[in-house]
Amino acid sequence: MSLHKKLMHICNDRDLSSYLDMLHDEFTVVFHKSGNSFSKEEWSSMVAGMFENEKFIFESSRCVYENSEIMVDHSFMSYPDGTREAVMLVAKLKDGKIVHMETGATPLG
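What you see is a predicted model; the values in this text were computed from it and never measured. (Residues numbered from 1 in each chain as written. Predicted model: local features only at pLDDT ≥ 70, side-chain atom pairs only at ≥ 80, totals over all residues. Heavy atoms only, no water.)

Section: the nonpolar core
Filter applied, for reference: The nonpolar core is taken to be a set of buried Ala, Val, Leu, Ile, Met, Phe, Trp, Tyr and Cys residues, with the residues joined through side-chain atoms within 4.5 Å. Burial status follows relative accessibility: with a 1.4 Å probe on protein chains alone, a residue under 20% of its type maximum counts as buried, one over 50% as exposed, and anything between as partly exposed. Under the DSSP-based scheme used, a helix requires at least four consecutive residues in state H or I and a strand at least two consecutive residues in state E, with every element numbered from the N terminus. The contact definition used throughout considers only heavy atoms, calling two residues in contact when any of these lie within 4.5 Å.
Formed by 20 residues in total, the largest nonpolar core has its most connected members in Leu7, Tyr19, Phe27, Trp43, Ile98 and Met101. Where this core is concerned, the elements lending two or more residues are α1 (3-13), β1 (23-31), α3 (40-52), β5 (84-94) and β6 (97-108). With five residues, α1 is the largest single contributor of residues to this core. For Ile98, the residues in contact, after removing those within four places along its chain, are Leu3, Leu7, Met22, Leu23, His24, Phe27, Ala91, Lys92 and Leu93.

Overview of the environment of Phe27
Looking at the element boundaries, Phe27 is found in strand β1. Taking the C-alpha atoms as reference points, Phe27 and Ser68, 41 residues apart in sequence, are found 16 Å from one another. Beyond its immediate chain neighbours, meaning those up to four positions away, Phe27 contacts Phe38, Ser39, Lys40, Trp43, Ile98, Val99, His100 and Met101.

Considering α1
As a reminder, the rule being used: The directions from the helix axis to the C-beta atoms are what the arc is built from.
Of the residues making up α1, those classed as buried are Leu3, His4, Leu7, Met8, Ile10 and Cys11. All buried residues of α1 lie within an arc of 165 degrees about the axis, which places them on one face of the element. Every exposed residue of α1 that faces more than 90 degrees away from the buried side is listed here: Lys5 and Asn12. Elements that come into contact with the buried residues of α1 comprise α2 (16-21), α3, β3 (57-66), β4 (70-78), β5 and β6. Positive backbone phi, at 55 degrees, marks Arg14, one or two positions downstream of α1.

Details of the environment of Glu52
Following the sequence through the fold, Glu52 ends up in helix α3. Sequence separation between Glu52 and Met77 is 25 residues; the distance between their C-alpha atoms is 15 Å.

Description of the sheet that holds β6
Here is the rule we go by: At least two bridges found by DSSP between two strands is the condition for calling them paired. Axis definition: a line fitted to C-alpha atoms, over the contacting stretch in the case of helices. Angles run 0 to 180 degrees between N-to-C directions.
Taken in spatial order, the six strands line up as β2-β1-β6-β5-β4-β3 in an open sheet, and their pairing is mixed. Taken across any chain shown, the strands that pair with only one partner, and hence form the sheet edges, are β2 (37-39) and β3. Here the average twist between neighbouring strands, direction ignored, is 20 degrees. When β3 meets β4, the two strands line up antiparallel, connected through eight bridges. Opposite Arg62, over in β4, you have His74 as the bridge partner.

Here's the deal with the state of the cysteines
Heads up, the rule is: We call a pair of cysteine sulfur atoms a disulfide whenever their separation is within 2.5 Å.
Overall, the coordinates contain zero disulfides when judged by the stated rule. There is no disulfide at Cys11, and the cysteine sulfur nearest it, in Cys63, is 13 Å away.

Limitation: the analysis is restricted to geometry and does not speak to function.
Okay, here's the thing in structure tokens:
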């Protein structure tokens, strides 16, 4: 199974433990919009909150590109405040896990 398919299955099941297992120990994430960067520990608590909130919805996702070094995903997301975004995610891979991730989002009306 591709990393993208595995990630989407995990997110749809809201399986936090499996999600965190996909992240490399050196993991970092950067939000393009704000420029904020988070470590694996910081990101873990954020994802836990997202997975616990049923109003955070992974609407759809498609893999734009994936190989052993990178995965590019385009998704549509709905948030608890009623907003929706198109989200581009670029994940650098190391040892079969996500080591660095950046996201960029476009608000949808």
